[in-house]
Amino acid sequence: MSFSPDPVAPPGGTDIQEQRDRWERKRSRTAKELVQTEQRYCQQLELVTTFFVEILKAKGTLRQDIRESIFSSIKAIHSVNQSLLVHLENSYFGRGFEQFCPHLSQYNTYADNIYKARKALTIQLKKNKAFRRFKKLQEAREEFRNQTLEELLQLPVLRIDQYKHFLQDLTANTSPDNPEFQQLSSAVTAICDVSQRIQDNTRRHENHLQLCRVQKLLKGRKTKVLAAGRWFIREGWLKVVPRKGAVAKPKMFFLFSDMLLQATRCGPMQLANRDKFAGKHAFPLQECIVEKVFGHTRSQGGLLSLTFPKASLLLMSCDQEDLNDWYQSLSSAIRKLQSKETVVHQRDELCRRPLRSATDSHNTPSSSSSSSTPGRKRNMVGSETSEQSQRPPSESEGSAPKRLKPADTPEHSSEEASPSSCVIL
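What comes next concerns the included structure. These numbers were taken from a predicted model, which means no experiment stands behind them.

## Here's the deal with the side chain of Asn201
Phase 1 of the analysis: Here Asn201 shows up in helix H9 (residues 180–217).
Phase 2 of the analysis: Residue Asn201 is classed as buried on the basis of its relative accessible area, which comes to 12%.
Phase 3 of the analysis: Among the polar contacts made by the side chain of Asn201, one reaches the side chain of Asp112 at a distance of 2.9 Å.
Phase 4 of the analysis: Residues contacting Asn201, with those up to four places away along its chain left out, are Ala111, Asp112 and Tyr115.

Spelled out as structure tokens, the structure:
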């Protein structure tokens, strides 16, 4: 009895080979594009280092500290990328990025300094006439192709995101059996870390700009919005429903990660502050409870009830979508703030347990029954440590008080972080 070959096997083998060929074609296109863009990128870095960094250093147009503030680590980045380009042009992608990734600290330094560099460059262009003229002459060179220094200085930050996409494509189209697969996978992880750092820096910078904008909108210096760790969430008009049967009046509200600020527009007679707001109340969100009164229905608008330890608010909006957005934003901010407090209290317990156990261990019979001289010394040390453990956290030393400090901050009344009551501004 003879068996004929399985007719499905050849087509199946053909499909696998076709898939591998598609992977290889995609990998070749990605590799070619990576090499071409890297060549152009290195040329652009060379323009900055040659026609700006080196010449400015020789001419002395800018002081060294200002020059380092503007250009940061771009010269070191250029040197590192020249080495990477040599490997890429010889098709050693895995080896090239394996040697490149340990130098990503230069990109971290550059990314952390990018906003400071922009500010320093802007200041010099306004105040330093010689530098302004020098910059214009250099940018007019044919090699720059109408690119400005500002655009060139942004390239290292943009290149990291390009590396992430190139490496992800190369890894996806590289067989796991290929020796380069592990090298490319490790490079993807390292590049993604730098990319996330750049995104975090961007978010912090944008948040800082928002806080500065709100601070400028507020009249006077009594209401302070700029605070470490504070995030701007949203702003808008809401009507405050009074307890008695008065007319609900619209107020401007600014929502932050730790407080809700109520403000009123300055009167038209105040010419200097007619476009500004006067802060009236700062409500801390730490112990706030937000509820919809009838905003969950499909009617037009609704009410939000905000309950604080020593205050309450009833806010109204005629826009159902706007009301829902406010409810979601408030609920999310309160939930995140309370979750942080829970973590702090858990750390508080972890810090206090060793202190109590150490105190109890010195009161055991074995330590008190010893009668020799070394035993007395141990008892003296034990009594000293037990006295220290009974002191308030603010009087003891070490890392424990720093961890306990956030839990004690509600005792101090402040405009931004007091959880017990609103602040009347």
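Back to the text.
## Some details on the packing of helix H5 (residues 105–127) against helix H6 (residues 129–139)
Phase 1 of the analysis: Contact geometry for H5 and H6: axes closest at 6 Å, N-to-C directions at 105°. Considering their axes alone, H5 and H6 lie roughly perpendicular with respect to each other. Residues Leu121, Gln124, Leu125, Lys126 and Lys127 of H5 form the contact with H6, whose own contacting residues are Lys129, Phe131, Arg132 and Lys135.

## Some remarks on the packing of helix H8 (residues 155–172) against H9
Phase 1 of the analysis: At their nearest, the axes of H8 and H9 sit 9 Å apart, and the two run at 150° to each other. In this view, H8 runs roughly antiparallel relative to H9, as classed from their interaxial angle. The handedness of the crossing between H8 and H9 is left-handed. Of H9, the residues touching H8 (which contributes Val157, Ile160, Asp161, Tyr163, Lys164, Leu167, Gln168, Leu170 and Thr171) are Phe181, Leu184, Ser185, Ala187, Val188, Ile191, Cys192, Val194, Ser195, Ile198 and Gln199.
Phase 2 of the analysis: Residues of the contact of H8 with H9, tallied by class, amount to 13 nonpolar, five polar and two charged.

## Points about the nonpolar core
Phase 1 of the analysis: One finds Phe71, Phe97, Phe100, Tyr107, Leu153 and Tyr163 to be the most contacted residues of the largest nonpolar core, which totals 50 residues.
Phase 2 of the analysis: Other than its neighbours up to four places away in sequence, Phe97 contacts Leu34, Leu84, Leu88, Tyr163, Leu167 and Ala187.
Phase 3 of the analysis: Formed by 21 residues, the second largest nonpolar core is a distinct cluster that contains Val240, Phe283, Ala333 and Ile334.

## Some details on the side chain of Gln215
Phase 1 of the analysis: Its place among the elements puts Gln215 in helix H9.
Phase 2 of the analysis: Take Gln215: its relative accessible area is 19%, and that puts it in the buried class.
Phase 3 of the analysis: From its side chain, Gln215 meets the backbone oxygen of Thr223 in a polar contact 2.8 Å long.
Phase 4 of the analysis: Not counting residues up to four positions away in its chain, the partners in contact with Gln215 are Thr223, Lys224, Val225 and Leu226.

## Regarding a negative patch on the surface
Phase 1 of the analysis: Judged by side-chain charge, Asp15, Glu18, Asp21 and Glu24 come together as a negatively charged surface patch.
Phase 2 of the analysis: As for its position among the elements, Glu24 is in helix H1 (residues 9–59).

## Side note on H6
Phase 1 of the analysis: Burial in H6 covers these residues: Phe131, Phe134, Lys135, Gln138 and Glu139. All buried residues of H6 project into a common sector of 125° when viewed along the axis, lining one side. Projecting away from the buried face of H6 at angles above 90 degrees are the exposed residues Lys129, Lys136 and Leu137.
Phase 2 of the analysis: The residue sitting at the N-terminus of H6 and contributing the capping side-chain oxygen is Asn128; that oxygen lies 3.2 Å from the backbone nitrogen of Ala130.

## Thoughts on the pattern of salt bridges
Phase 1 of the analysis: For the coordinates displayed, the defined rule picks out eleven salt bridges.
Phase 2 of the analysis: With its nearest N and O atoms 3.0 Å apart, the salt bridge here joins Arg234 to Asp322. Of the two residues, Arg234 sits in strand S1 (residues 232–240) while Asp322 sits in helix H10 (residues 320–362), which places them 88 residues apart along the sequence.
Phase 3 of the analysis: On the basis of relative accessibility, which here comes to 16%, the residue Arg234 falls in the buried class.
Phase 4 of the analysis: The structure contains a network of salt bridges with shared partners spanning Lys135, Glu139 and Glu150.

## Re H8
Phase 1 of the analysis: With 18 residues, H8 ought to run about 26 Å at 1.5 Å a step, and its terminal C-alpha atoms sit 26 Å apart, in line with that.
Phase 2 of the analysis: Residues Leu155, Pro156, Val157, Arg159, Ile160, Tyr163, Lys164, Phe166, Leu167, Leu170 and Thr171 constitute the buried set of H8.

## Considering the environment of Val48
Phase 1 of the analysis: Tracing the chain through its elements places Val48 in helix H1.
Phase 2 of the analysis: Residue classification places Val48 among the buried residues on the basis of a relative accessible area of 1%.
Phase 3 of the analysis: When sequence neighbours within four positions are dropped, the list of residues in contact with Val48 reads Val53, Phe71, Ile74, Leu149, Leu152 and Leu153.

Basis of the calculations
Residues numbered from 1 in each chain as written. Predicted model: local features only at pLDDT ≥ 70, side-chain atom pairs only at ≥ 80, totals over all residues. Heavy atoms only, no water. Helix = DSSP H or I, 4+ residues; strand = E, 2+ residues; numbered from the N terminus. Buried < 20%, exposed > 50% of the residue type's maximum accessible area, 1.4 Å probe, protein only. Polar contact = N/O pair within 3.5 Å; in protein donor to acceptor, adjacent residues only side chain to side chain. Contact = heavy atoms within 4.5 Å. Axes fitted to C-alpha atoms, helices over the stretch in contact; angles between N-to-C directions. Parallel < 35°, antiparallel > 145°, perpendicular 65-115°, else oblique. Left-handed = near helix turned anticlockwise from the far one by under 90°. Nonpolar A, V, L, I, M, F, W, Y, C, P; charged D, E, K, R; others polar. Core = buried A, V, L, I, M, F, W, Y, C linked by side-chain atoms within 4.5 Å. Patch = residues over 30% accessible without salt bridge, like charges linked within 9 Å, V, L, I, M, F, W, Y side chains within 5 Å. Areas by Shrake-Rupley, 256 points an atom, 1.4 Å probe, with all protein chains shown as cover. Salt bridge = Lys/Arg side-chain N within 4 Å of Asp/Glu carboxyl O. Lys, Arg positive; Asp, Glu negative; His and termini not counted. Charge placed at Lys NZ, Arg CZ, Asp CG, Glu CD. Arc of directions from axis to C-beta. Expected span 1.5 Å × (residues − 1).

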